[in-house]
Amino acid sequence: MVVFALFVISKSGGLIYNREFHAGMQKLGSNDLLMLAGSFHGMHAITKQLCPNPPVPPSPSSTPAANLAPSPFTHRPTGIEVLETSQFRMQCFQTITGIKFLLFTEPQQPNIDPIIKKIYELYADFVMKNPFYTVEMPIRCEKFDRGLDGFIKLRG
């Protein structure tokens, strides 16, 4: 498995983290990276609005489990989740708080959901629990970098 790069985009569309793990992607300047993050954020928001409405669940009175509490996990529309080309595959994972993790891998990589969830776990452990980190600001955390390096190299 080859992981080319990881981008983390804030809920306002700013690039707060980018890391290249493997050569193979064209080098982009900092302005190009910021434009890419902002463009993806906009496309994600538009495709989220284009998502069809989920099916309406049956009324509670017609089901035998009518006395159960409603689920707090309602279906929410999502935007672009996967973009695949002949050169790479980009998978997007959006958290409940709106942070987007973009993982660029080789196109034949079958299922990267567990990988991106582990990256999110590393983010939660090393970035969000860091008392010196301010939300929506660029991520500068050596433990997060080391954790990513160890995890990606172990998988590759």
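Quick look at the structure, then. Worth saying up front: this structure is predicted, and the values here are computed from it rather than measured.

**Digging into unusual backbone geometry**
Next up, step 1: Positive phi, close to 75°, is recorded for Glu136, a residue that is not glycine.
Next up, step 2: Take Glu136: it is sitting in the loop between helix H2 (113–128) and helix H3 (142–155).

**Observations regarding the pairing of strand S4 (residues 89–94)**
Put simply, side chains in a regular strand alternate between the two faces of the sheet.
Next up, step 1: Most of S4 is tucked away: five of the six residues are buried.
Next up, step 2: Bridging between strand S3 (residues 82–84) and S4 involves three bridges; their strand directions are antiparallel. Residue pairing across strands places Glu84 opposite Arg89, the latter belonging to S4.
Next up, step 3: Turn length for the S3-S4 hairpin, with the two strands adjacent in sequence and antiparallel, is four residues.
Next up, step 4: Strand direction decides the pairing type here: S4 and strand S5 (residues 100–105), joined by six bridges, are antiparallel. Its bridge partner lying in S5, Arg89 is registered against Thr105.
Next up, step 5: Counting the residues that bridge the hairpin from S4 to S5 gives five residues, and of these Gly98 lies at a positive phi of roughly 100°.

**Looking at H2**
Next up, step 1: Look at H2: 21 Å from first C-alpha to last across 16 residues, which is about the 22 Å you get at 1.5 Å a residue.
Next up, step 2: Considered for burial, the residues of H2 that qualify are Ile115, Ile116, Ile119, Leu122, Tyr123 and Val127. Down the axis, H2 shows its buried residues gathered within 110° of arc, on one side only.
Next up, step 3: On its buried face, H2 is in contact with strand S1 (3–9), S4, S5 and H3.

**Re the pattern of salt bridges**
Next up, step 1: This model, assessed by the stated rule, comprises six salt bridges.
Next up, step 2: Among the ionic pairs, Arg19 bridges to Asp145, the shortest N-O distance being 3.4 Å. Placement of Arg19 in strand S2 (residues 15–20) and of Asp145 in helix H3 is noted, with a sequence separation of 126 residues between them.
Next up, step 3: We note a salt bridge from Glu121 to Lys118, for which the minimum N-O separation is 3.4 Å. Placement of both Glu121 and Lys118 in helix H2 is noted, with a separation of three residues, approximately one turn of the helix.
Next up, step 4: A relative accessible area of 28% places Lys118 in the partly exposed class.
Next up, step 5: A network of salt bridges, in which partner residues are shared, links Arg19, Asp145 and Asp149.

Basis of the calculations
- Residues numbered from 1 in each chain as written.
- Predicted model: local features only at pLDDT ≥ 70, side-chain atom pairs only at ≥ 80, totals over all residues.
- Heavy atoms only, no water.
- Helix = DSSP H or I, 4+ residues; strand = E, 2+ residues; numbered from the N terminus.
- Buried < 20%, exposed > 50% of the residue type's maximum accessible area, 1.4 Å probe, protein only.
- Pairing = 2+ DSSP bridges.
- Expected span 1.5 Å × (residues − 1).
- Arc of directions from axis to C-beta.
- Contact = heavy atoms within 4.5 Å.
- Salt bridge = Lys/Arg side-chain N within 4 Å of Asp/Glu carboxyl O.

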